[in-house]
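Residue strings, one per chain:
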Amino acid sequence: MAQSKLKSSNSTIVIWCGMRRWLSRLLLLGAFVLLMFIGWGSVTPPSAVASIRQIEEAPGQMLYQSRHTLQDETGQSWQIVLFKRVKAGEAKDISLRLVGFPGVAEFAHPQPLKITTNTGKVLKAEDLFADQSPAANVGEYNIKDVLSELPMSIGVTLSLPMKGDRTTSLSVPSVVILEWQTVATE
C-alpha cells in the first residue's frame, strides 16, 4: 500500500512538473511574441504620408506641390519641392525646386540637373534659374519632359551641380517619385 501511494505521489509530481514546464514555456513564448510586436513597430519605417498640397493662387489658377526633406551623401538636409501651376486647365511646366542651407550649398548656374535611374540611364532637366537665381542655395529645374521616364518601383539619384565643379547627390525614394507622378497627373 505504501508503495502504491508512493507511485501515485511520484506520478502526480511528474505530471505537475510537466505542466509547470509547459506553462513556463507558453508564458515565455507569449512574452517573446509580445516583445516582437512591440519591437517590430519601432523597427519598421513609418508608412508614407502623401504631402501633396493644392493651393488656389488666383481665380482659375491652381498650384500643386509635393514637399519633402531629403539628406545628401554628407548628411545635409535639402528641401525638395515638385510643383506645377495649372492655369485655364493647362500646366506649362512641372518644376523641381531644390533648396540647401545658405552658406553651405551654392548651385552652379546654368547647368542641368542630372537624374540617374537604377538602370544607369541619365536624364537631364533644364535649369530654370540659368539667368538669375533668387539665392545661391536655390536651384529650379523643369522636369516635365523627364518625369514620365522615372521608374516608380525604385528610387533615383539626383546629381546637383554645385560651384567649384562638384556635385551633390540626393537619393529620391520610389514613394516620392510616385507622389511626383500623382502631382503631374492631377
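In what follows, the accompanying structure is described. (Residues numbered from 1 in each chain as written. Predicted model: local features only at pLDDT ≥ 70, side-chain atom pairs only at ≥ 80, totals over all residues. Heavy atoms only, no water.)

### So, the environment of Ser174
Its location among the elements puts Ser174 in helix α2 (residues 174–185). The sequence separation of Ser174 and Val156 amounts to 18 residues, and the corresponding C-alpha distance is 7.5 Å. Apart from the residues lying within four places of it in its own chain, the contact partners of Ser174 are Met152, Ser153, Ile154 and Gly155. (Helix = DSSP H or I, 4+ residues; strand = E, 2+ residues; numbered from the N terminus. Contact = heavy atoms within 4.5 Å.)

### What about the side chain of His68?
Assignment of secondary structure puts His68 in strand β2 (residues 61–71). In terms of polar contacts, His68 uses its side chain to reach the side chain of Glu179, at 3.0 Å. Not counting the four nearest positions on each side in its chain, His68 is found in contact with Ser51, Trp78, Gln79, Ile80, Val176 and Glu179. (Polar contact = N/O pair within 3.5 Å; in protein donor to acceptor, adjacent residues only side chain to side chain.)

### Describing the nonpolar core
Formed by 31 residues in total, the largest nonpolar core has its most connected members in Leu98, Ile143 and Trp180. Counting only elements with at least two residues in this core, the list comes to β2, β3 (77–87), β4 (90–99), β5 (113–116), β6 (122–127), β8 (156–162), β9 (166–172) and α2. In this structure, Trp180 is in contact with Ser66, Ile80, Leu82, Leu96, Ile143, Leu147, Leu150 and Val172, ignoring residues within four places of it in sequence. (Core = buried A, V, L, I, M, F, W, Y, C linked by side-chain atoms within 4.5 Å. Buried < 20%, exposed > 50% of the residue type's maximum accessible area, 1.4 Å probe, protein only.)

### A short note on the sheet that holds β8
With respect to topology, 9 strands assemble into an open sheet ordered β1-β2-β3-β4-β7-β6-β5-β8-β9, the strand pairing being antiparallel. With one partner strand each, in any of the chains shown, β1 (52–58) and β9 form the two edges of the open sheet. Between one strand axis and the next, the sheet turns through 30° on average, direction left out of account. Pairing geometry for β3 and β4, over 8 bridges, is antiparallel. Bridged to Val86 within β4 is Ala91. (Pairing = 2+ DSSP bridges. Axes fitted to C-alpha atoms, helices over the stretch in contact; angles between N-to-C directions.)

### Concerning unusual backbone geometry
Cis rather than trans, the peptide bond between His109 and Pro110 has omega equal to -10°. Topologically, Pro110 is positioned in the loop between β4 and β5. For Ala88, which is not glycine, the phi dihedral falls at a positive 55°. As for its placement among the helices and strands, Ala88 is situated in the loop between β3 and β4. Look at Ala88 and you get exposed, because its relative accessible area is 74%. One non-glycine residue with positive phi stands out, namely Asp165, at about 55°. Relative to the elements of secondary structure, Asp165 occurs in the loop between β8 and β9. For Asp165, a relative accessible area of 80% corresponds to the exposed category.

### Looking at the environment of Glu179
Relative to the helices and strands, Glu179 is located in helix α2. Among the residues examined, Glu179 registers a relative accessible area of 8% and is labelled buried. Taking the C-alpha atoms as reference points, Glu179 and Leu82, separated by 97 residues in sequence, lie 9.4 Å from one another. A polar contact is formed between the side chain of Glu179 and the side chain of Ser66, at a distance of 2.5 Å.

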